[in-house]
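# Survey of secondary and tertiary structure
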Amino acid sequence: DGYFMYEDCDDNDDTVYPLAGDTYGDGIDSDCDGLDCEADWHNPLTYFVVCPQSSDWSTAQASCSNAGYDLASIRSVAVSSKGRSSGAAPGAPSRAPAAAKASSRACARRSRSSARP
């Protein structure tokens with residue numbers, strides 16, 4: 001897969017390497033970041049990771065940082081008394097205050113190198 005053993009979390013599997021993309025919930029850390037989240041390249045320079053786990057702002061920020069990413073956004077969904085979601089439009093991430101619970105978080109790693117395997 002073109003990565004040295006010290007960079008690669010599974011050198012015996014050519015589909016597993018840093019920034020390879022990842023599928024949430026499959027039990028395989030395809031991109032070697034230690035997170036079980038959905039991940040892929042948004043464009044040649046930005047790699048996004050979306051994690052659906054509920055967490056607060058500081059926990060989400062720490063999780064992204066520990067995996068080598070910046071926290072790009074956090075989406076908080078408030079449910080009205082009638083059981084409907086309110087707040088941001090579907091699919092539109094928004095920054096939430098530190099006390100809010102998140103239904104998902106997005107981490108991003110910006111890379112100046114456009115070279116991808």
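What you are looking at is a predicted structure, and each value in this text was computed from that prediction instead of being measured.

Along its length, the protein chain carries one helix and six strands. Each helix (α) and strand (β) of the protein chain, taken in turn from the N terminus, gives the series β-β-α-β-β-β-β. With 117 residues in all, the protein chain has 32% of them scored as buried. Across the protein chain, the fraction of contacts at a sequence separation of at least 24, relative to all contacts at a separation of at least 6, is 48%. For the protein chain, the computed accessible surface area is about 7200 Å², with 51% contributed by carbon and sulfur atoms.

It is worth spelling out unusual backbone geometry at this point. Within the chain, leucine 19 stands out as a residue other than glycine whose phi angle is a positive 65°. By the secondary structure assignment, leucine 19 is in the segment before strand S1 (38–43). Here leucine 19 falls in the buried class, since its relative accessible area comes to 17%. At cysteine 32, a position not held by glycine, the phi torsion is positive, near 60°. Relative to the elements of secondary structure, cysteine 32 occurs in the segment before S1. Judged by relative accessible area, cysteine 32 falls into the partly exposed class, the value being 22%.

Leu35, Tyr47, Val49 and Tyr69 are the most contacted members of the largest nonpolar core, which totals 16 residues. Mapped by element, the contributors of at least two residues to this core are S1, strand S2 (46–51), helix H1 (57–66) and strand S3 (70–75). Those residues within four positions of valine 49 in sequence are excluded, and the remaining contacts are Asp33, Leu35, Cys37, Glu38, Ala39, Tyr69, Arg105, Ala106 and Cys107.

Once that is clear, we can look at the state of the cysteines. Across all of its chains, the model carries three disulfides by this definition. Shown here is the disulfide that connects cysteine 9 with cysteine 32, its sulfur atoms set 2.2 Å apart. The disulfide joining cysteine 9 to cysteine 32 has a torsion of about -75° about its S-S bond and is therefore left-handed. Here the residue cysteine 9 occupies a position in the segment before S1, and cysteine 32 occupies one in the segment before S1, the gap between them amounting to 23 residues. The disulfide that involves cysteine 64 links it to cysteine 107, with 1.8 Å between the sulfurs. Handedness of the cysteine 64-cysteine 107 disulfide follows from its S-S torsion of about -65°: it is left-handed. You can see cysteine 64 sitting in helix H1 and its partner cysteine 107 sitting in strand S6 (residues 104–110), a full 43 residues away along the chain. For the pair shown, cysteine 64 and cysteine 107 are each scored as buried. If the cysteines joined by disulfides in the protein chain are listed in sequence order, their pairing comes out as 1-2, 3-4, 5-6.

Reading guide: rules and limits
Residues numbered from 1 in each chain as written. Predicted model: local features only at pLDDT ≥ 70, side-chain atom pairs only at ≥ 80, totals over all residues. Heavy atoms only, no water. Helix = DSSP H or I, 4+ residues; strand = E, 2+ residues; numbered from the N terminus. Buried < 20%, exposed > 50% of the residue type's maximum accessible area, 1.4 Å probe, protein only. Contact = heavy atoms within 4.5 Å. Areas by Shrake-Rupley, 256 points an atom, 1.4 Å probe, with all protein chains shown as cover. Core = buried A, V, L, I, M, F, W, Y, C linked by side-chain atoms within 4.5 Å. Disulfide = S-S within 2.5 Å.

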